Amino acid sequence: MTAIPSPSQAVWHLGPIPIRAYALLMVLAVLVGAWVTHRRWVARGGEPGAVGDIATWVVPFGLVGARIYHVATDWQQYFGPGMEPLRAFAIWEGGISIFGALAGGAVGAWLACRRSGIDLRAFADAVAPGIAFGQAIARWGNWFNQELYGRPTTLPWALEIDPAHRPPGLAATATYHPTFLYESLWNLGVAGFVIWAEKRFRLDRGRTFAVYAAAYATGRVWIEWLRIDPAPHILGLRLNDWTALLVLAAALVYLTATRRADGPPR
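1. A closer look at the pairing of strand β1 (residues 11-14)
Working note: regular strand, side chains alternate between the two faces of the sheet. In the sheet, β1 pairs with strand β2 (residues 17-20) via four bridges, with the strands oriented antiparallel. Across the sheet, V11 pairs through a bridge with R20, a residue of β2. Counted between consecutive antiparallel strands, the loop separating β1 from β2 contains two residues, among which G15 sits at a positive phi close to 70°.

What follows is the structure in structure tokens.
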């Protein structure tokens, strides 16, 4: 049986300093996303240095938002009986959420754009494909960490998980759906679709970002359906499914409302 092997190592040490694969991928994701955004922003007549200035707000706010969402939705890991609450600040141990990162990053972008006199909607349109490209890169961190994989499967592209990282009750099951790969490929498709839709329908006024949000949320729904890592459930659905559905609904409402308010996109 063929399978995708998992990396045997996710952390390297440079003397006393741990070098984590996930952290390196996150840095690369931010750099690629910023580069794509810079090119799009300048092509639209924006100031070349604006993206870097806004990124200095977006990145820390996004990181804080990502951690807050994770801790709030998995609070038992930190505030349950016998747990250590101070571990909520130990972000190096893992535990961040893209939905929290988007929310926190949006706050940072709003503050930065307000200070600079930049239209937030215009910036959101410029950054949308860059976010998707960045997400496609960052998801490979889950591969290195052997985490957030899907249900058991024997498909040719199944992901092999080491015994130490298998869930309780499935110690003898070696292969699972590589949801990190599904989401990475989906995000690449989202980036291409957003760029195509923007040109095809001449999207503006934040509508490009809304298309990105709707497309990403749609993919996240079925990917969450495959995942088997512990997660809060509401009415039988994982919490992230509900978040994705809310994001999808909000994006569709925005697309409809802006079209009715201002007519066809210019």
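Having put the structure on the table, let's press on.
2. Considerations on the nonpolar core
The biggest cluster of nonpolar side chains holds 22 residues, and the ones touching the most others in it are V190, V194, V211 and Y212. For this core, the element with the most residues is helix α8 (residues 207-226), which contributes eight residues. Among residues more than four places away in sequence, those in contact with V211 are F193, V194, A197, L203 and L255. The next biggest cluster of nonpolar side chains, apart from the first, holds eleven residues, and it includes A109, A112, C113 and A126.

3. Quick look at the environment of L31
In this structure, L31 sits in helix α1 (residues 21-43). Exposure remark for L31: the relative accessible area of 55% places this residue in the exposed category. Linking L31 and L14, residues 17 residues apart in sequence, is a C-alpha distance of 23 Å.

4. Observations regarding a nonpolar patch on the surface
Taken together, the side chains of F193, W196 and F201 present a nonpolar region at the surface, about 330 Å² in accessible area. Along the chain, F201 turns up in helix α7 (residues 179-201).

5. Here we look at the pattern of salt bridges
Evaluated as defined, the whole model comprises eleven salt bridges. A salt bridge links R139 to E183; the nearest nitrogen and oxygen atoms lie 3.2 Å apart. In this pair, R139 sits in the loop between α5 (120-138) and α6 (140-145) while E183 sits in helix α7, placing the two residues 44 residues apart along the sequence. Note on E183: relative accessible area 2%, which makes it buried. R220 is the salt-bridge partner of E224, the closest N and O atoms lying 2.9 Å from each other. Taken together, the residues span about one helical turn, with E224 and R220 both in helix α8 at a distance of four residues.

The rules behind each value
- Residues numbered from 1 in each chain as written.
- Predicted model: local features only at pLDDT ≥ 70, side-chain atom pairs only at ≥ 80, totals over all residues.
- Heavy atoms only, no water.
- Pairing = 2+ DSSP bridges.
- Helix = DSSP H or I, 4+ residues; strand = E, 2+ residues; numbered from the N terminus.
- Core = buried A, V, L, I, M, F, W, Y, C linked by side-chain atoms within 4.5 Å.
- Buried < 20%, exposed > 50% of the residue type's maximum accessible area, 1.4 Å probe, protein only.
- Contact = heavy atoms within 4.5 Å.
- Patch = residues over 30% accessible without salt bridge, like charges linked within 9 Å, V, L, I, M, F, W, Y side chains within 5 Å.
- Areas by Shrake-Rupley, 256 points an atom, 1.4 Å probe, with all protein chains shown as cover.
- Salt bridge = Lys/Arg side-chain N within 4 Å of Asp/Glu carboxyl O.

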